[in-house]
Amino acid sequence: MSKIMTVDVLSSIKDAQPSEAVNKLFEVIKKANTNNNLNNASHNNALFLDDLRADTVINSSALEKQIIIENFPKSKNGYLVVSKVIEE
Amino acid sequence: MSSQIQTIHKQLINQDITCTALIQQRLDLLKQNTHNTVNALLDKTALELAAKVDLKIAKGETIGLLEGIPFGIKDVYMLQGTYTTASSDLLKKYKSAYTATAIQKLLDAGAIPLVKENGDSFGHGSSSENTIFGAVKNAHNPNLVSGGSSGGSAVNVAKDYTVFSIGGDTGGSVRQPAGYNNVYGLKPTYGRISRFGLMAYASSTDCVGPIAKSIEDIRIVLNAISGKDIKDQTTYASHEIPQDSISNSTQIKTIGYFKNFIENDAIDAKVKSDFLETIEKIKAKGITVKALDFFESETLVSTYYTLAMAETASNLSRLDGTNYGNRIEGDNLKETYSVTRSENFSEESKRRIVGGNQVLSQGFSDAIYLKGLALRDAISKNFENDFKAVDIIISPVTPNVPPKIGDSLKNPHAMYLSDAYTVGFSLGQLPTLTIPQGTTTGLQITAAKNNETLVLKFANFLKDTL
């Protein structure tokens, strides 16, 4: 996407603006000394394959399903209603 | 070793009290309390569970140590069928479809949840004022804040409404309110306790943390909820900490403190003098105390908030009112997202989401976000070196005493800076315990990763020393 996106669009928050309190924090980071080792950190965040969850479908319990439906914000005639989708 | 859990357990098995009477008494206290600690009372299920415990005892069956013990849950944990609001408008009618691993382990051990507890919405705050349920009032002075974000949990423990509570600590949210309300609060090593079912704020530092009135109760609860969980790939297997392993602190020879935390203008004079007095008392016991160099407080706070905001912007992007939450309809889908989020998030949450999206944007990520990651690595490295030289690091919990209710909302930047002493240990993913001793707002005890045993040992030593 080539067009510039403002923070209110990025955040999906109407009329959102950057705040002075937060910008002050970012100024500190910009000036901080990191010894230019930005990309030298080695992270060992790998997992053992045996530790992964089995790639199987687990059915939710009836109660779980009922609560998920109950949490849905809008329904009509037994259907769950989503907002109108537009294409740009 | 003092322990409310042990005391109540003995009272239950000796039939000095019934579990039903115990639970009813605590529920009454919670219902009548004016500190705004309660988002929802779980009275019906709590009394049903209590009746089952009484029946077991009446039949002469053995009950476990945690069986029948009343506890509180910060309202960011899933407990199936209960409202889990994150103290927010967006989720004020959201019901948990499942139960968090840590909470399930307590249920399996027979502990009885009484209350979903108030705090800063989505963990966004250090005062428990960013909430739709009213600012949580300090346990000892209702004009002051309780601290946050787990303010309701700390106050409930301090006031004996719950025997222990389960808070959440991302940058100090268990330790700071524990300090403000003079109770114990543990942020364990990152990964020791499963985060599954804890609403994500900043996933790389989010920790489940117990709050209680004794070191022994912290140990009991920690043992009950620790462990590897396939539903949280950052968890690791840990050993149970036996009671006798924390009673003797002879292996602790050298401790350290960060001199820049103490030698600066931001610290309250009394907090500083109390801390230095504590150091002298420790030295008098023959322990070597080293003054250590560390990152400036402003760098720590800025690093933490940069990363936490980036992560929360990402984690909270799912909250758009589509599948759940308080949807406000707009003209189309995008408008619906935008209105729903702007009307339902608190000002503080919006500030953090916007900040997070700023640092993740092209043109900013190198200068701020990636630099924040590099700083975190440097902070972790610093800790690794420190723990080659010392066994334990102690520090104040906060630079200042709790502010008056209303003050933090007026000055968010000052609120961020009030986390100066807690966020570093979060970035380092280290086990850190607040104890209600040493300064007006307590003391933090930190050890190397996965060394909670040493933290609890030193806490016992200080309990007898200070």
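Residues numbered from 1 in each chain as written. Chains lettered and ligands numbered in written order. Predicted model: local features only at pLDDT ≥ 70, side-chain atom pairs only at ≥ 80, totals over all residues. Heavy atoms only, no water.

K.L.:
Before we move on, can you summarise the packing of aromatic side chains with the specific residues and values?
P.N.:
Residues and elements named next belong to chain B. Per the stated rule, a full pass over the model turns up 17 aromatic pairs over all chains. Arranged with centres 5.2 Å apart and planes meeting at 50°, the rings of Tyr-94 and Tyr-324 form a pair that is tilted. Pair noted here: Tyr-94 is in the loop between strand S2 (70-74) and helix H4 (101-108) and Tyr-324 is in the loop between helix H10 (297-315) and helix H11 (333-344), with a separation of 230 residues, a long-range link. Tyr-94 gets classed as buried once you look at its relative accessible area, which sits at 12%. Classification of Tyr-324 by relative accessible area gives partly exposed; the value is 23%. Centroid distance Phe-383 to Phe-425: 5.6 Å. Interplanar angle 35°. Geometry classified as tilted. Of this pair, Phe-383 sits in helix H13 (residues 365-389) while Phe-425 is found in helix H16 (residues 423-427), placing the two residues 42 residues apart along the sequence. Both residues of the pair, Phe-383 and Phe-425, count as buried. Taken together, the ring pairs in this structure connect Phe-258, Phe-261, Phe-294, Phe-295, Phe-383, Tyr-421 and Phe-425 into an aromatic cluster. The ring of Tyr-83 is capped by Lys-95, whose NZ or CZ atom sits 5.7 Å from the centre of that ring. (Phe/Tyr/Trp six-rings, centres within 6.5 Å; stacked < 30°, edge-to-face > 60°. Helix = DSSP H or I, 4+ residues; strand = E, 2+ residues; numbered from the N terminus. Buried < 20%, exposed > 50% of the residue type's maximum accessible area, 1.4 Å probe, protein only. Lys NZ or Arg CZ within 6 Å of the ring centre and 35° of its normal.)

K.L.:
Can you break down helix H9 (residues 269-284) of chain B residue by residue, with the values?
P.N.:
Residues and elements named next belong to chain B. End to end, H9 covers 23 Å across 16 residues, agreeing with the expected 22 Å (1.5 Å per residue, within 8%). All of the buried residues along H9 are Val-271, Asp-274, Phe-275, Thr-278, Ile-279 and Ile-282. When H9 is viewed along its axis, its buried side chains cluster within an angular range of 145° and face the same direction. Among the exposed residues of H9, those pointing more than 90 degrees away from its buried face are Ala-269 and Ala-284. The N-capping residue of H9, defined by a side-chain oxygen 3.0 Å from the backbone nitrogen of Lys-270, is Asp-268. Phi for Gly-286, located one or two positions after H9, is positive at around 90°. (Expected span 1.5 Å × (residues − 1). Arc of directions from axis to C-beta. Polar contact = N/O pair within 3.5 Å; in protein donor to acceptor, adjacent residues only side chain to side chain.)

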